[in-house]
Amino acid sequence: MKIMKFGGSSVANGERIKNVAGIIQDEMKKGHVGVVLSAMKGVTNLLISASEKAEKGNKGFLKDLEEIESKHEEAVGYLFSADSGKSIKEKIKNQLHELRDVLHGVELIKECSKRSMDFIMSFGEKLSCQIMAAYLNSQKIESQFIDSSKVVRTDNTHGNASVNFEVSYSNIQEIFKSMKGIAVITGFIASTEDGITTTLGRNGSDYTAAIYGAGLNSEIIEIWTDVDGVLSSDPRVVKSAFVVPEISYEEAMELSYFGAEVIHPYTMIPAVDKNIPIVIKNTLNPSAPGTVIAKDVKRHNNVITGIACIDDVAIVNIEGGGMMGIPGMASRILDEIAKASINIIMISQASSEHSICLVMKQSEALKAKEVLESKLKDEIRHKMIHQISLRTDHIIIAVIGENMRGTPGISGKLFSSLGENEINIYAIAQGSSERNISVVALKKDKEKALTSLHKAFLE
Ligand code: ADP
Ligand code: ASP
Ligand code: MG
């Protein structure tokens, strides 16, 4: 059994959907496959944009909706003849009507909760999968549409729900017992115990593929995308980035956590658990070998494996002499941030500066600063904390690799390369795993920093 996941770019239009159907057909000859799909490229963003506009009473949501409608209608028009497409056209039309009604509802009540947003986003994957299933059937490849919101069980953390693996695996096994033909499964979406739709976080279809792969004890999980594999850096920024043929689960997790969006970081969790290799493949170049992500991989000779970057972060800096030597201060700070549901990406503490520096998404940083100012007001009044400051428009750059462990001189090379290029570093962190060194720099230096580090370490 093999699970194949195709991302938004792979199903971006009718022609791409047809191409993917061809890839599926080729694989079917070799063995049993299950297919997980994302929404068509751009659709999730349009659904979010439409909801946000509708919530504000901005009629612009209708334009987003029209774009969503035309993308799907064009794909269906391309893939089916007037006759063969009758039933799928009707289905798609009805669901687009329902979506229109839901968005009108949001406009009327001027409110779109995270729960509603999950429901609205779920249309993207449901539509793309129904089109693919219908197309495969029209090509005499028996297939069945599977709505993961009836299969993958999560808690009710809307927008980024936590999976209940035990229940999900058992549901997956149950569904596949009576599966006829190929399952075309919605990525990204799931539901709570009460059947309320949830989502697994942006880019979460990769994760869905791994959940089904692990549930079915599949031999392999393939993630099909629009590049030849995991590259040594983001190819849109570093033109000389190259494909890394094999990487470990941990390296893949670090790279993706630090911004390599080619795979969602959680994808590795179920795969590690069942020791299932993940292979990244290119739908536009299926014969390329891709990248294997597995437990035991052939090591390359480079000291690092890749360089990743998280955009749009901000630094919240808490400074004050009174923090020095007081046990529990860091934990208080982190606790208040956690209670406000703000995720910290990186922490660094410097005792000589009496400061703790928290790096987080820019969109959450102002709230973090305000929370800390209010919760730590006594410490501020008593001058234990001197100030809480905010620096915006930064990035985190991470150099990552298994070979870094126990290799001296990597930080030196990192800093001298950035220094030579006049790139200022605002914070540094190295995990004890020694697989990752991360630095915070200014957003405007992104391209210069990534290309110079790539040159220093990998070219
Ligand atoms: P999909 O729609 O298939 O899920 P994504 O857009 O989520 O695809 O991820 C693929 C994209 O990730 C590539 O087009 C590439 O631009 C970007 N990317 C960023 N960093 C890397 C990297 N290190 N290796 C490969 N691709 C990367
Ligand atoms: N469609 C979802 C998103 O755009 C999930 C995915 O593509 O993996 O985030
Ligand atoms: Mg993706």
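Going along each chain's sequence as written, the residues are numbered from 1 onward. All chains are assigned letters beginning at A, and all ligands numbers beginning at 1, according to the order in which they are written. Confidence filtering applies because this is a predicted model: local features only for residues at pLDDT of at least 70, side-chain atom pairs given and counted only at 80 or more, and all residues used for totals across whole chains, interfaces and linings. The side-chain values count all of the structure's non-hydrogen atoms but skip hydrogen atoms and water molecules.

*Asks:* Help me understand the site of ligand 1, please; the structure alone is not making it clear to me.
*Replies:* Taken together, 19 residues lie near ligand 1, and Asn203, Thr225, Asp226, Leu231 and Arg236 sit nearest. The term polar contact refers here to a pair of N or O atoms within 3.5 Å; inside protein, the definition further demands a hydrogen-donor-capable atom paired with an acceptor-capable atom, and it admits residues adjacent in sequence only when both atoms are side-chain atoms. Within the contact set of ligand 1, an oxygen atom lies 3.4 Å away from a backbone nitrogen or oxygen of Ser9. Take Arg236: an N or O atom from its side chain is 3.0 Å from an oxygen atom of ligand 1. Considering ligand 1 on its own, with 570 Å² of exposed area, one finds that the protein chains cover 89% of that surface. Three residue categories are used. Nonpolar comprises Ala, Val, Leu, Ile, Met, Phe, Trp, Tyr, Cys and Pro, charged comprises Asp, Glu, Lys and Arg, and polar comprises the others, including Gly. For the shell around ligand 1, the per-class residue count stands at seven nonpolar, seven polar and five charged. Nearness of a residue to a molecule or strand requires only that one of the residue's heavy atoms be within 4 Å of it. For the accessible areas, the method is Shrake-Rupley and the probe is 1.4 Å, while residue cover comes only from the protein chains on display.

*Asks:* In this structure, what is going on with the packing of helix α2 (residues 43-55) against helix α5 (residues 114-138)? I would like to understand it.
*Replies:* The angle between the axes and the distance between the axes are what describe a pair of packed helices. Where α2 meets α5, the closest approach of the two axes is 9 Å, and the angle between their N-to-C directions is 150°. Note on packing geometry: the crossing formed by α2 with α5 is right-handed. Contacts between α2 and α5 involve Val43, Thr44, Leu47, Ile48, Ser51 and Glu52 on the former and, on the latter, Met117, Ile120, Met121, Gly124 and Glu125. A per-class count over the contact of α2 with α5 returns six nonpolar, three polar and two charged. Only the stretch in contact is used when fitting a helix axis, every axis being a line fitted to C-alpha atoms; angles between N-to-C directions are given from 0 to 180 degrees. Secondary structure elements are defined from DSSP: runs of H or I of at least 4 residues count as helices, runs of E of at least 2 residues count as strands, and each element is numbered from the N terminus. Left-handed is the label given to a crossing in which the near helix is rotated counterclockwise from the far helix by less than a right angle, and right-handed is the label when the rotation is clockwise. Working rule for contacts: check all heavy atoms of both residues, and any pair within 4.5 Å makes them a contact.

*Asks:* Just checking my understanding: could you explain the site of ligand 2 for this structure?
*Replies:* Taken together, Ser38, Thr44, Glu125, Phe188, Arg202, Asn203, Gly204 and Ser205 make up the full set of residues near ligand 2. Between ligand 2 and the protein, one listed contact pairs a nitrogen atom with a side-chain N or O atom of Glu125 at 2.7 Å. For ligand 2, an oxygen atom lies 3.4 Å from a polar atom in the backbone of Gly204. Relative to its unbound accessible area of 260 Å², ligand 2 is 89% covered by the protein chains. For the shell around ligand 2, a count of residues per class yields one nonpolar, five polar and two charged.

*Asks:* Is there a simple way to explain the domain arrangement of the protein in this structure?
*Replies:* Accessible area lost during the coming together of the parts is what is often quoted as the interface size. Looking at the protein, the domain boundaries give domain 1 (2-294) and domain 2 (306-458). Contact with domain 1, which involves 17 residues of that partner, is made by 22 residues of domain 2. Put simply, buried area is the surface a 1.4 Å probe can reach on two separate parts but cannot reach once they are joined, added for both. Together, the buried faces of domain 1 and domain 2 total about 1,500 Å²; carbon and sulfur atoms form 63% of this surface. Per-residue buried area on domain 1 facing domain 2 is highest for Val237, Glu254 and Phe258; these three make up 38% of the total on that side. Any carboxyl oxygen of Asp or Glu that lies within 4 Å of a side-chain nitrogen of Lys or Arg is treated as forming a salt bridge with it. For the pair domain 1 and domain 2, the number of links is zero salt bridges. For the pair domain 1 and domain 2, the interface holds seven residue pairs in polar contact (both at pLDDT 80 or more). Grouping the constituent residues of the side of domain 1 that touches domain 2 by class yields eight nonpolar, five polar and four charged. Domain limits in this description derive from either an automatic procedure or a database domain assignment.

*Asks:* Even after reading the chapter, I still don't get the packing of helix α1 (residues 14-28) against helix α3 (residues 61-79), so can you show me in this structure?
*Replies:* Closest axis-to-axis distance for the α1/α3 pair is 8 Å, and the angle between their directions is 55°. As far as their axial angle goes, α3 and α1 are oblique. Taken together, the residues of α3 that come into contact with α1 (itself represented by Gly14, Glu15, Ile17 and Lys18) are Ala75, Tyr78 and Leu79. A per-class count over the contact of α1 with α3 returns four nonpolar, one polar and two charged. Roughly parallel covers angles under 35 degrees, roughly antiparallel covers those over 145, roughly perpendicular covers 65 to 115, and oblique covers all other angles.

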